[in-house]
There are 2 protein chains.
Amino acid sequence: MTTTALKNLAPTPPEHRGPDAGPWDADELELRLRGLATARYHDRHPFNLRMHLGELSRDELRTWVANRFYYQCNIPIKDAFILAKLQQPAHRRSWIRRIQDHDGTTDVEGGIERWLHLGEAVGLTREELHTHRHLLPGVRLAVDGYVNFCRHASALEAVASSLTELCAPSIMLTRLETFPLHYPWIDVTGLSYFDKRVPQGRRDGSEALAWVKEWALTRDQQEQALAAVSFKCDVLWSLLDSVQGAGDRPKDAR
Amino acid sequence: MTTTALKNLAPTPPEHRGPDAGPWDADELELRLRGLATARYHDRHPFNLRMHLGELSRDELRTWVANRFYYQCNIPIKDAFILAKLQQPAHRRSWIRRIQDHDGTTDVEGGIERWLHLGEAVGLTREELHTHRHLLPGVRLAVDGYVNFCRHASALEAVASSLTELCAPSIMLTRLETFPLHYPWIDVTGLSYFDKRVPQGRRDGSEALAWVKEWALTRDQQEQALAAVSFKCDVLWSLLDSVQGAGDRPKDAR
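Keep in mind that what you see is a predicted model, and the values were worked out from it rather than measured.

Cut-offs applied
Residues numbered from 1 in each chain as written. Chains lettered and ligands numbered in written order. Predicted model: local features only at pLDDT ≥ 70, side-chain atom pairs only at ≥ 80, totals over all residues. Heavy atoms only, no water. Helix = DSSP H or I, 4+ residues; strand = E, 2+ residues; numbered from the N terminus. Rg over C-alpha atoms; globule rule 2.2 N^0.38 Å. Buried < 20%, exposed > 50% of the residue type's maximum accessible area, 1.4 Å probe, protein only. Areas by Shrake-Rupley, 256 points an atom, 1.4 Å probe, with all protein chains shown as cover. Lys, Arg positive; Asp, Glu negative; His and termini not counted. Charge placed at Lys NZ, Arg CZ, Asp CG, Glu CD. pLDDT = per-residue confidence, 0-100. Contact = heavy atoms within 4.5 Å. Buried area = accessible area lost by both parts, 1.4 Å probe. Salt bridge = Lys/Arg side-chain N within 4 Å of Asp/Glu carboxyl O. Polar contact = N/O pair within 3.5 Å; in protein donor to acceptor, adjacent residues only side chain to side chain. Nonpolar A, V, L, I, M, F, W, Y, C, P; charged D, E, K, R; others polar. Axes fitted to C-alpha atoms, helices over the stretch in contact; angles between N-to-C directions. Parallel < 35°, antiparallel > 145°, perpendicular 65-115°, else oblique. Disulfide = S-S within 2.5 Å. Expected span 1.5 Å × (residues − 1). Bend = angle between axes of the 7 residues up to and from the residue. Least-squares fit on C-alpha atoms with pLDDT ≥ 70 in both. Core = buried A, V, L, I, M, F, W, Y, C linked by side-chain atoms within 4.5 Å. Phe/Tyr/Trp six-rings, centres within 6.5 Å; stacked < 30°, edge-to-face > 60°. Lys NZ or Arg CZ within 6 Å of the ring centre and 35° of its normal.

J.: Lay out the overall build of chain A in plain terms, naming residues and giving numbers.
T.: Along chain A, the regular secondary structure elements total twelve helices and zero strands. Along chain A, helices and strands appear, N-terminal first, in the series α-α-α-α-α-α-α-α-α-α-α-α. Taking 18 Å as the expected radius of gyration for a compact globule of 254 residues, we find that chain A reaches 20 Å, a close match to that expectation. Out of the 254 residues in chain A, the part that is buried amounts to 50%. Roughly 11,800 Å² of accessible area belongs to chain A as shown, and the carbon and sulfur atoms make up 53% of that amount. Within chain A, one finds 32 positive and 34 negative side-chain charges whose respective centroids are separated by 1 Å.

Below, the structure is given as C-alpha cells:
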C-alpha cells in the first residue's frame, strides 16, 4: 500500500468533516472567522502592499481612489438590503448607523463625502468621481456582485459578509501612518476617511461578530458564515486585481 | 347605428388616452394622485367608518389593533427596500428618517413601540402582539404583498405607493377626536401613535409627492405612479376587509 493510499484511509480530520458534522462552539467559530478574514483580506494583495510601501504612482493612486469610490457609493445600498432582512427593531436601530456613517446626516459628514475629499486630495474632481468615469468593468462586476449577494442571501450570510470589518482598523491605521510619509503631496485632511473608519470598523466588526456567533448555531450555518466571509474577501481582492491590471488594458479597450 | 356604437366612435376623452399620450403637467399629476388617494383611501371602508362612529366592540377594536400591528412591523422593512433603491445619498438621508420614526432611536420612542402602547390600552399584551397570534391570513397576504411590491418595483413606484400618507393626517386627527369620545375605556396615553403620525404623515406625504412629480416625466411613468397609489389603497382596504370578516370565520377555521 502506498503512502497516498494510506493517507486516503486515514480518518478525516475534524476540521474537514463538512456541514454534517456537529457545530463548533462560539469561540472556535470566532477563531475560524477571524483566521479566514485575516488570511484572505486584501491588505495582502500586491497592489495594496505596493500602496503601503509608497510604490504607487499618482496615476495608480487615482485609479484606485476613483474605483474604490464605486464601492463606497454602494455600501449604504447593501446595508439597506441587510436592514430589510432584520426582523427586530433593536437590530435595525443598530445597523442603520452604518448607513448614516456613509451617507452622513444633516449634522455630520459621511464616509462618501470623506472619500470625495480623498479624491480631490489625489487630484480628481468631484464630477469625475460622481460620474464613475474611471470605473473599470471588473470593479463594477465585483461591487455589483457584492450588492446582489446582500440582496439575496440570508440575514446571517449578509451580516457575516461584513466581517472583513474585523481587519479594517489595521489597514486604515497603516494608511494613516504610511500615506503622509510616502505620498507627501496628498493633503492630510484628505485622509479623514481612514481616520474615521478605525473606530467605526472596530464597533461594526465586533457587533457583526457577536450576531453571527449568536445566529450560526448549526454547523451548516457556521459554514455559510465562513463562505460569506470568503466571498467578501474575493470581492475586495478582485477589486484590486482590476485596479492593478488597469494599465495593461489596451487604450482602445478602456 | 345604435347609441352604443356611436359612443364607440366618439373620440377617447384625453383622460383615458393611456400611457402613449403626452405627459400631464406636474400640477395635473398632483391633482390626479391626490384625487385617487382620497377616493380610494381606507377611511371610507365600512369598518373604519364604524370605528370612527364608536360602533366597534372591544373585541373588534382588539382584532384591528393586533392585525394592524403586523403592518406597523413591516413598515421599516418596506422602507429599507425603498432606501436600497435610492441612488443619491441626499435622498437616502431623507428617507431613512421614516425607518427611525417607526423603529425609534436610542433617544426617541418609535411608532412600533407606540402601537404596542395602543395595544396594551385596548387590553392586549405585548406578547400577544409580538407573536402575531391574532394575525388573520388575509392581513398577512396584504401586508406581505405590499412589502414584496416595495422589494421589486422601481424607486418611482415604491415611493409613489407611500402617497397614501397624503390622507394619513386627516384619519389620525379623526381618531384623536373620536376615540376619547366613543371609547373612553381606552387610556388616552395609548393614542400617542395617532398624535405623532399627524406631522410625520404631512412631512412624508409632501416629500414623496415632490419626488414623484420630479421623477414621473413621461405619461407611462405617471400612470405607473397612479397604479402604485391604487395598489397601496387596495392593500389597506383588503386589510380592513379581513379584519371586518374576522368574526365570520368558523371557530375551527381560525
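J.: How would you summarise the confidence of the model for chain A if you had to cite specific residues and measurements?
T.: Residue and element names in this part refer to chain A. Taken residue by residue, chain A gives an average pLDDT of 92. The fraction at 70 or more is 90%. Within the model, the stretch residues 1-14 combines pLDDT values under 50 with four contacts to residues more than four positions away or in other chains. For this predicted complex, the interface score ipTM comes out at 0.81, alongside a pTM of 0.86.

J.: Pulling in residues and values, what's your account of the side chain of H52(B)?
T.: Mapping H52(B) onto the fold places it in helix α3 (residues 46-52). Each residue touching H52(B), except ones within four places of it in the same chain, is listed here: I171(B), T174(B), R175(B), T178(B) and H182(B).

J.: Give a detailed account of the interface of chain A and chain B, specifying residues and quantitative values.
T.: Chain A puts 19 residues into the contact, and the matching count from chain B is 19 residues. Summed over both partners, the interface of chain A with chain B buries about 1,500 Å², with 66% contributed by carbon and sulfur atoms. The tally of links from chain A across to chain B stands at two salt bridges. A salt bridge links R92(A) to D103(B), with the shortest nitrogen-to-oxygen separation between them at 2.7 Å. Across the contact surface, chain A and chain B share four residue pairs in polar contact (both at pLDDT 80 or more). Among the elements of the structure, α4 (58-85) and α5 (89-103) of chain A are those that each provide at least two residues to the side of chain A that touches chain B. The residue makeup of the side of chain A that touches chain B, split by class, is twelve nonpolar, four polar and three charged.

J.: Account for the packing of α4(A) against helix α8 (residues 137-152) of chain A, with residues named and values stated.
T.: Residue and element names in this part refer to chain A. Running from N to C, α4 and α8 point in directions that differ by 10°, and their axes come no closer than 8 Å. Overall, the two elements α4 and α8 adopt an arrangement that is roughly parallel. Contacts between α4 and α8 involve N67, Y70, Y71, N74, I77, K78, F81, I82 and K85 on the former and, on the latter, V139, R140, V143, D144, Y146, V147, C150, R151 and H152. Partitioning the contact of α4 with α8 into residue classes produces ten nonpolar, three polar and five charged.

J.: With reference to specific residues and values, describe the state of the cysteines.
T.: Residues and elements named next belong to chain A. Under the criterion given, the structure shown has zero disulfides over all chains. Of the cysteine sulfurs around C233, a residue in no disulfide, the closest is that of C167, at 6.9 Å. For C233, a relative accessible area of 1% corresponds to the buried category.

J.: Can you explain α4(A)? Please cite residues and give values.
T.: Residues and elements named next belong to chain A. Counted at 1.5 Å a residue, the expected span for α4 with its 28 residues is 40 Å, and the 41 Å between its end C-alpha atoms agrees. Along α4, the sharpest kink reaches roughly 35°, centred on N74 and followed within four residues by the proline P76. By the criterion of burial, α4 is predominantly enclosed, with 23 of the 28 residues buried.

J.: Which residues make up the side chain of K85(B), and what are the values?
T.: Residues and elements named next belong to chain B. On the secondary structure map, K85 appears in helix α4 (residues 58-85). Despite its burial, K85 remains without a salt bridge, the nearest opposite charge being carried by E157 at 7.9 Å. Polar side-chain contacts of K85 include one of 2.9 Å to the backbone oxygen of R151.

J.: Tell me what's going on with unusual backbone geometry, and back it up with residues and numbers.
T.: Residues and elements named next belong to chain A. Phi is positive for H132, close to 50°, though the residue is something other than glycine. Residue position: H132 is located in the loop between α7 (126-130) and α8. When its relative accessible area of 22% is taken as the criterion, H132 is described as partly exposed.

J.: Tell me about the relation of the copies chain A and chain B, residues and numbers included.
T.: When chain A is fitted onto chain B, the two copies agree to an RMSD of 0.0 Å after a turn of 180° and an axial shift of 0.0 Å. Classification of the inter-copy transformation places it as that of a two-fold axis. Identified as the residue of chain A closest to the rotation axis by C-alpha distance is A80(A), at 2.7 Å. Both copies share a contact surface, since 100% of the interface residues of chain A are interface residues in chain B too.

J.: Mind laying out the pattern of salt bridges, listing which residues take part and the relevant values?
T.: Inspection of every chain in the model, using the stated rule, returns 41 salt bridges over all chains. Its salt-bridge partner being R133(A), residue E127(A) comes within 2.5 Å of it at the nearest N-O pair. For E127(A), a relative accessible area of 45% puts it in the partly exposed group. The partly exposed category is assigned to R133(A), whose relative accessible area is 48%. Residue R50(B) pairs with E55(B) through a salt bridge whose shortest N-O separation is 3.8 Å. A network of salt bridges, in which partner residues are shared, links R97(A), R98(A), D101(A), E165(A), R197(A), R203(A), D204(A) and E207(A).

J.: Can you lay out the nonpolar core for me, pointing to particular residues and giving the numbers?
T.: Counting 155 residues, the largest nonpolar core has W64(A) and W64(B) as its most contacted members. Not counting residues within four places of it along the chain, the set of residues in contact with W64(B) comprises F47(B), M51(B), W115(B), R175(B), F179(B), F194(B), L240(B) and V243(B).

J.: Account for the packing of aromatic side chains, with residues named and values stated.
T.: Residues and elements named next belong to chain A. As enumerated under the stated definition, the model contains 20 aromatic pairs over all chains in all. Taken together, the ring pairs in this structure connect W64, W115, F179, Y183, Y193 and F194 into an aromatic cluster. Sitting over the face of the ring of W95, R98 holds its NZ or CZ atom 3.6 Å from the ring centroid.

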